[in-house]
Amino acid sequence: MSTSAVFNGDEIAPFFGFIGAAAALVFSCMGAAYGTAKSGVGVASMGVMRPELVMKSIVPVVMAGVLGIYGLIIAVIISTGINPKSKPYYVFDGYAHLSSGLSCGLAGLSAGMAIGIVGDAGVRANAQQPKLFVGMILILIFAEALALYGLIVGIILSSRAGQSRAD
């Protein structure tokens, strides 16, 4: 078998790395989409009763949209780390990138679900009792922090790729 460019490392390893990049983006965007849709329904419903509060109630929608950016960051970090023709890419590296993508993506999905549910109920409740706004924002911040934890762990796991062997 003769090829013009020699492949370094394990030939199946990039599969796991690319699945990790895809998982980070897909799951984070699913969380962002769910959070945006669920919160948006609450904003639309509340806007019928109190249209002056619509712009103030957009906060959960914006917070849900940020989740997709977290997945994009990890997907770019992972995909730039996969270049088996320039440096060896082993199964350890693929698994590190897979776990990185899954940690960020699933954390983003979970945070999106939390933001959507809290955002929907929170903006409706805020329309009836304005004193609930600060409490809603605090709950949304804690839900967003879950995705941020996944992003941090994803960056740490992704940085482990390339450390499997001393080259």
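Residues numbered from 1 in each chain as written. Predicted model: local features only at pLDDT ≥ 70, side-chain atom pairs only at ≥ 80, totals over all residues. Heavy atoms only, no water.

It is worth spelling out helix H2 (residues 59-80) at this point. Owing to its 3.6 residues per turn, the α-helix aligns residues three or four sequence positions apart on the same side. Look at H2: 33 Å from first C-alpha to last across 22 residues, which is about the 32 Å you get at 1.5 Å a residue. Within H2, the full set of buried residues consists of Pro 60, Met 63, Ala 64, Leu 67, Gly 68, Tyr 70, Gly 71, Ile 74, Ala 75 and Ile 78. Along the axis of H2, the buried positions cluster into a sector of 160°, meaning they face one direction only. For H2, exposure combined with an orientation more than 90 degrees from the buried face picks out Val 62 and Thr 80. Contacts from the buried residues of H2 go to helix H1 (13-49), helix H3 (91-128) and helix H4 (133-160). (Helix = DSSP H or I, 4+ residues; strand = E, 2+ residues; numbered from the N terminus. Expected span 1.5 Å × (residues − 1). Buried < 20%, exposed > 50% of the residue type's maximum accessible area, 1.4 Å probe, protein only. Arc of directions from axis to C-beta. Contact = heavy atoms within 4.5 Å.)

Let's shift gears to the UniProt feature "transmembrane region" (unreviewed entry) in the protein. Per the UniProt annotation, the sites labelled "transmembrane region" (unreviewed entry) are residues 12-37, 58-78, 98-120 and 132-157. Helix makes up 95% of residues 58-78 and strand makes up 0%, while its end C-alpha atoms are separated by 32 Å. Secondary structure over residues 132-157 splits into 96% helix and 0% strand, and the C-alpha atoms at its two ends are 38 Å apart. (UniProt positions renumbered as here; feature names shortened; annotations may be inferred.)

This next bit is on the side chain of His 97. Position of His 97 among the secondary structure elements: in helix H3. In terms of polar contacts, His 97 uses its side chain to reach the side chain of Tyr 89, at 2.6 Å. If we ignore the near neighbours within four places in the chain, the residues touching His 97 are Gly 17, Gly 20, Ile 78, Gly 81, Ile 82, Tyr 89, Ser 158 and Ala 161. (Polar contact = N/O pair within 3.5 Å; in protein donor to acceptor, adjacent residues only side chain to side chain.)

The next subject is the packing of aromatic side chains. In total, this model carries 2 aromatic pairs according to the counting rule given. Considering the side-chain rings of Phe 15 and Phe 16, the 5.4 Å spacing of their centres and the 75° angle between planes classify their relative orientation as edge-to-face. Ring pairing ties together the aromatic residues Phe 15, Phe 16 and Tyr 95, which thus form one cluster. Over the ring of Phe 133 we find Lys 56; its NZ or CZ atom is 4.5 Å from the centre of that ring. (Phe/Tyr/Trp six-rings, centres within 6.5 Å; stacked < 30°, edge-to-face > 60°. Lys NZ or Arg CZ within 6 Å of the ring centre and 35° of its normal.)

Quick look at the nonpolar core now. With 25 residues, the main nonpolar core has Leu 67, Tyr 70, Ile 74, Ile 115, Met 136 and Leu 140 as its most contacted residues. Mapped onto this core, the elements with two or more residues apiece are H1, H2, H3 and H4. Excluding its chain neighbours within four sequence positions, the residues that come into contact with Leu 67 are Ser 28, Gly 31, Ala 32, Gly 108, Ala 111, Gly 112, Ile 115, Glu 144 and Ala 147. (Core = buried A, V, L, I, M, F, W, Y, C linked by side-chain atoms within 4.5 Å.)

Side chains that carry opposite charge are capable of pairing whenever their charged atoms lie near each other. The final tally for this structure, using the stated rule, is 3 salt bridges. For Arg 50, the salt bridge goes to Glu 52, with nearest N and O atoms at 2.7 Å. Each of Lys 38, Asp 120 and Arg 124 takes part in a single network of salt bridges with overlapping partners. (Salt bridge = Lys/Arg side-chain N within 4 Å of Asp/Glu carboxyl O.)

Those places that UniProt annotates as "domain: V-ATPase proteolipid subunit C-like" (unreviewed entry) correspond, in this numbering, to residues 19-78 and 99-157. Between the end C-alpha atoms of residues 19-78 there is a gap of 10 Å, over a span that is 85% helix and 0% strand. Within the segment residues 99-157, helix and strand shares are 93% and 0% respectively, and the terminal C-alpha atoms sit 7 Å apart.

Attention now moves to the environment of Val 48. Here Val 48 is to be found in helix H1. It is 34 Å that separates the C-alpha atoms of Val 48 and Gly 105, two residues lying 57 residues apart in sequence.

Quick look at the packing of H1 against H3 now. Direction vectors running N to C along H1 and H3 enclose 5°, while the axes themselves pass 7 Å from each other. The pairing of H1 with H3 is recorded here as roughly parallel in orientation. Its residues assigned to classes, the contact of H1 with H3 shows 24 nonpolar, 16 polar and 3 charged. (Axes fitted to C-alpha atoms, helices over the stretch in contact; angles between N-to-C directions. Parallel < 35°, antiparallel > 145°, perpendicular 65-115°, else oblique. Nonpolar A, V, L, I, M, F, W, Y, C, P; charged D, E, K, R; others polar.)

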